[in-house]
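Okay, here's what each chain looks like letter by letter:
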Amino acid sequence: MTSKNDDPLGDIAEEETLRPVGGTEGAATGTTVPPYMAALNPAQREAVEALEGPVLVLAGAGTGKTRVLTTRLAHILATRSAWPGQILAVTFTNKAAREMKDRIGHLIGGVVEGMQWLGTFHSIGAQILRRHAELVGLKSNFTILDQDDQIRLLKQLIEAEGIDEKRFPARVLAALIDRWKNKGLTPAKVPPGEAHSYAEGKGIDLYRAYQERLKTVNAADFGDLLLENLRLFQENPDVLKSYQERFKYMLVDEYQDTNVAQYLWLRLLAQGSKNICCVGDDDQSIYGWRGAEVDNILKFEKDFPGAKVVRLEQNYRSTPHILGAASGLIAANEGRLGKTLWTELKDGEPVRVLGLWDGEEEARHIGDEIEALHGKNVPLHEMAILVRASFQMREFEDRFLTIGVPYRVVGGPRFYERREIRDANAYLRLIAQPDDDLAFERIINVPKRGLGKVAMQTLHTAARAQGTPLMQGARALVETDELRGAARRSLAGFVAMIDRWRALIDTLPQDELAEIVLDESGYTEMWQNDRSPDSPGRLENLRELVRSMEQFDNLAGYLEHISLVMDADQQDAADRVSLMTLHSAKGLEFPVVFLPGWEEGLFPHQRSLDENGLAGLEEERRLAYVGITRAKQEARISFAANRRMHGSWVSSLPSRFIDELPEEFIEMDAEQGLYGGSGSRFDEANPVQSSYDSPGWQRMKRASETRSKGQFPQVIDEVSRLVATNDPSAASYQTGDAVRHPKFGAGVIAEVDGNKLLVEFETGTKRVIASFVEPA
DNA sequence: CTGGAGGATCTTTTT
DNA sequence: GATCCTCCAG
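Residues numbered from 1 in each chain as written. Chains lettered and ligands numbered in written order. Predicted model: local features only at pLDDT ≥ 70, side-chain atom pairs only at ≥ 80, totals over all residues. Heavy atoms only, no water.

Enquirer: Would you explain the confidence of the model for chain A in this entry?
Expert: Detailed reading of the predicted coordinates is not advisable wherever pLDDT is low. Taken over all residues, the pLDDT of chain A has a mean of 81, while the share at 70 or more is 83%. Note on residues 1-30: pLDDT is under 50 here. Beyond four places in sequence and across chains, it has 43 contacts. Low pLDDT (under 50) marks residues 676-731, which in the prediction has 79 contacts with non-local residues, meaning those over four places away or in another chain. (pLDDT = per-residue confidence, 0-100. Contact = heavy atoms within 4.5 Å.)

Enquirer: Help me out: how do you make sense of helix H3 (residues 42-49) in this one?
Expert: Along an α-helix, residues three or four positions apart point the same way, because every turn accommodates 3.6 residues. Buried within H3 are the following residues: Gln44, Arg45, Ala47 and Val48. Projection of H3 onto a plane perpendicular to its axis shows the buried side chains occupying an angular sector of 160°, all on one side. Close packing links the buried residues of H3 with strand S1 (55-59), helix H4 (65-78) and strand S8 (308-312). Capping of H3 at its N-terminal end is provided by Asn41; its side-chain oxygen lies 3.1 Å from the backbone amide nitrogen of Ala43. (Buried < 20%, exposed > 50% of the residue type's maximum accessible area, 1.4 Å probe, protein only. Helix = DSSP H or I, 4+ residues; strand = E, 2+ residues; numbered from the N terminus. Arc of directions from axis to C-beta. Polar contact = N/O pair within 3.5 Å; in protein donor to acceptor, adjacent residues only side chain to side chain.)

Enquirer: Would you mind going over the pairing of strand S9 (residues 351-358) with me for this structure?
Expert: Among the 8 residues of S9, 6 are classified as buried, and the element is accordingly described as predominantly covered. Here S9 runs beside strand S16 (residues 666-670); their pairing, made up of 5 bridges, is parallel. Across the sheet, residue Val353 finds its bridge partner in S16, namely Met668. Direction of pairing for S9 relative to strand S14 (residues 631-645): parallel, over a ladder of 6 bridges. Looking at the pairing, Gly355 lines up with Phe639 of S14. (Pairing = 2+ DSSP bridges.)

Enquirer: Mind showing me how you'd approach the protein's contact with DNA strand B here?
Expert: Of all residues adjacent to DNA strand B, which total 27 residues, the nearest are Arg388, Ser390, Gly452, Arg607 and His646. Near the protein, meaning within 4 Å, the atoms of DNA strand B are sugar or phosphate in a fraction of 56%, with bases accounting for the rest. In this structure, a base oxygen belonging to DNA strand B sits 3.1 Å away from a side-chain N or O atom of His122. Within the side chain of Asn445, a nitrogen or oxygen atom sits 3.5 Å from a phosphate oxygen of DNA strand B. Here the surface near DNA strand B takes 3 residues from helix H28 (residues 606-628), the largest share from any one element. Broken down by class, the residue content of the surface near DNA strand B amounts to 6 nonpolar, 13 polar and 8 charged. (Near = heavy atom within 4 Å. Nonpolar A, V, L, I, M, F, W, Y, C, P; charged D, E, K, R; others polar.)

Enquirer: It is not clear to me how the layout of surface pockets should be interpreted in this structure. Could you clarify?
Expert: Gaps left between atoms show up when a probe the size of a water molecule is rolled over them. Counted as a void, the second largest pocket has a volume near 1300 Å³. In this structure, the second largest pocket is lined by 50 residues; those nearest its centre are Gly557, Leu559, Glu560, His561 and Leu564. For the lining of the second largest pocket, the secondary structure elements donating two or more residues are helix H5 (94-108), strand S3 (118-120), helix H6 (121-131), strand S4 (143-145), helix H7 (147-160), helix H18 (419-432), helix H19 (437-443) and helix H26 (555-564). With 9 residues, H26 is the single largest residue contributor to the lining of the second largest pocket. Of the residues assigned to the lining of the second largest pocket, the class counts are 21 nonpolar, 15 polar and 14 charged. (1 Å grid on protein atoms, 1.4 Å probe; cavity = no way out; pocket = protein on both sides within 12 Å on 5 of 7 lines; lining within 4 Å. Points joined across faces, edges and corners; volume = space filled by probe spheres on them.)

Enquirer: Please explain the pattern of salt bridges as it appears in this structure.
Expert: One side chain can pair with another of opposite charge once the charged atoms of both are near each other. Per the stated rule, a full pass over the model turns up 50 salt bridges. Here Glu369 makes a salt bridge to Arg636, at a shortest N to O gap of 2.5 Å. Of this pair, Glu369 sits in helix H16 (residues 359-375) while Arg636 sits in strand S14, and the two are 267 residues apart along the sequence. Neither Glu369 nor Arg636 differs from the other in exposure class; each is buried. The shortest N-O distance in the salt bridge between Arg636 and Glu634 comes to 2.4 Å. Accessibility assignment for this pair places Arg636 and Glu634 in one class, buried. One network of salt bridges, with partners in common, ties together Asp146, Asp148, Asp149, Arg152, Arg422, Arg429 and Asp436. (Salt bridge = Lys/Arg side-chain N within 4 Å of Asp/Glu carboxyl O.)

Enquirer: Honestly, the sheet that holds S8 in this entry has me stumped. Any pointers?
Expert: The pairing of strands in a sheet comes from backbone hydrogen bonds and takes either a parallel or an antiparallel form. Read across the open sheet, the 6 strands follow the order S3-S2-S6-S7-S1-S8; overall the sheet is parallel. Bordering the open sheet on either side are S3 and S8, each of which pairs with just one other strand. Across the sheet, the axes of successive neighbouring strands diverge by a mean angle of 15°, strand direction being ignored. Pairing of strand S2 (residues 87-91) with strand S6 (residues 249-252), which is carried by 4 bridges, proceeds in the parallel orientation. The residue bridging Leu88 from the neighbouring strand is Met250, located in S6. (Axes fitted to C-alpha atoms, helices over the stretch in contact; angles between N-to-C directions.)

Enquirer: Just checking my understanding: could you explain the nonpolar core for this structure?
Expert: In terms of nonpolar packing, the biggest core is built from 85 residues, with Phe233, Tyr255, Trp265 and Trp598 touching the most fellow members. Ignoring sequence-local partners within four residues, the contact set of Tyr255 consists of Leu56, Tyr263, Leu266, Cys278, Val279, Gly280, Asn296, Ile297, Phe300 and Phe304. Residues Ile443, Met456, Val478 and Tyr558 belong to the second largest nonpolar core, which totals 48 residues. (Core = buried A, V, L, I, M, F, W, Y, C linked by side-chain atoms within 4.5 Å.)

Enquirer: Help me understand the packing of H7 against helix H8 (residues 170-182) in this model?
Expert: The relative placement of two packed helices comes down to the angle between their axes together with the axis-to-axis distance. Between H7 and H8, whose axes approach to 9 Å, the crossing angle comes to 110°. In terms of their interaxial angle, H7 and H8 are classed as roughly perpendicular. The interaxial crossing formed by H7 with H8 has right-handed handedness. Residue-level inspection shows Gln150, Ile151, Leu154, Lys155 and Ile158 of H7 in contact with H8, the latter providing Ala170, Arg171, Leu173, Ala174, Ile177 and Asp178. Classifying every residue of the contact of H7 with H8 gives 7 nonpolar, 1 polar and 3 charged. (Parallel < 35°, antiparallel > 145°, perpendicular 65-115°, else oblique. Left-handed = near helix turned anticlockwise from the far one by under 90°.)

In structure tokens:
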């Protein structure tokens, strides 16, 4: 057993008292409950003990899902049903994998070391692929490309095809290819009908060319880690069989988020032992945009005949108010498996909903509340702000810096995505894997080596003619006279430099090698000579990078880490407020949760509605559900009437999700003079509320009418009713009218377009909604 | 070949 | 507002 720790399970695991299994059977046979199971409720225990055959655990939010998963693992090991190396345990995120490792460590101690098959789909896929790389046309040291590299590579292919990249952006093609890969479709398997969705049918050719190119540069993208695995298994039955025999037990976390490729992969592997246990919650499926198929969880029983289904419905996390609000909201979704969450906790505070003027004020208000709570001894790390889109974080960061509240951004701008880090990594990648053309191109002229466009063109042509990667092409090119003096010398020097470093891989620790590379390449010097204000920061980042490399076994280990475990989240113990997106909040919990930005267009996000219609809306609603259910004691929702987006001001209506929260669990409040922020339900009860009959408010109502026509009928009806019964003299504006805007000050109308005005303010011309200006 | 200026385009969520 | 890209002048 492990030493003492904070985890209640850890403590329980140490207790000597063993209780008999419930009922007579246990007593009669003298069976005892293993200590690690003592803390489980009957449903949880059922999920843990059903080791043989397929099992689906439907685990609602806060019902102890992770506890069940980890206990189940402990149970397999404790009953000696399998060795650690015979268990496949897949999670969706690195965070989840890490947490599972930690908790198993607490439960059973050192055995976790042997659990080499515990990880994300992608890291396990990469692990398997490296062992059999040659079978799918790769070398075992292949590079894993991130999205950025992927798009760069596609851009080259698109241009080579003579396609206008402006009209058919590489990112669109990348998305298309990803979608295919997520569905498990190799180029040969793409249905003919779908092939036409990019550049008049060139999509499929480009996909094929892309896959070939990846093999040439010895690289795989994220989708390949699974797709190539599938291909490996399908084309090599003996390999598949060896893994089927190896994995006696399979555990899958967040099953609702698996895509088709992952599903096929699991199904192939599960045909061996049939002992597959999937845990998930259809109400928390929020990765549809990444190819996740809620269907996978909905049809589990059909796919795995004889499956046992266990429902976990007792919630240990949230108060009844929070649970009630969340359940009421999610009830608006169709096509759910349906669960009834309940709790033994007492009522607590209602969920608070607050309307504010703009994003800045929202940040100020939440900042104040955080300070107030902190004053009442709520530690900062017990509070979190969960936003829909990362650009919302900025206002909070600004505010926290101003008032001096320490915060941490979870999953924010990643360390490894910074330019200097990517550059440094490109050097290291090229040393480790000379065929990595993307790395080559990134750093060939960084720092400046006089190898610009012309030289690169020559090199590209030469390399393509020989059908070799750029590094080899360069090696050959410097032997010829195709390049002129300076460029030729420079390129030869570059090749020699890389070779020299490569020779050091096995003799020097990777951090020392990195230091030498950064130094000798002139990269560090480049930033030292740079006068821009952020160069000191970049140099510090580079030092940090070298420092952090120490912890890896070798260079390859480091590179694997940065491509797959890109989240560099610092688990620092300091007392800080957490700031993150709703997506990265999944699986976490906080006593106090702030949910800002509940506005139509932002949440639910317009793009989600546009691209996926009802399905998109339902996914957004699940995201809202995930958000609320993160809260243990208090959830505070807010929305702003105005928000700055891409530099200009946009006014918005409160989210429809606010209307869907059951009244009995919430408490509404809105600022005076807001457009009626309390939501439609408020108006229904009292259509001509004192502060809501101002001309501005009436105009807002009309504005909402035109703005939202056809989008959310229930609001429209009320709006039209109000408009019909109140203030028929619509205050309309004309070009040339002088107006005043609360944010931009005085201005003159340049153009009227329905309820939208183009106004020339002193600070510039802006498009604003009519209801936000007053006649001046 | 380099550097800077100006312009276009975008920002949902992540392995 | 920010970043990425293109174009033009040294």
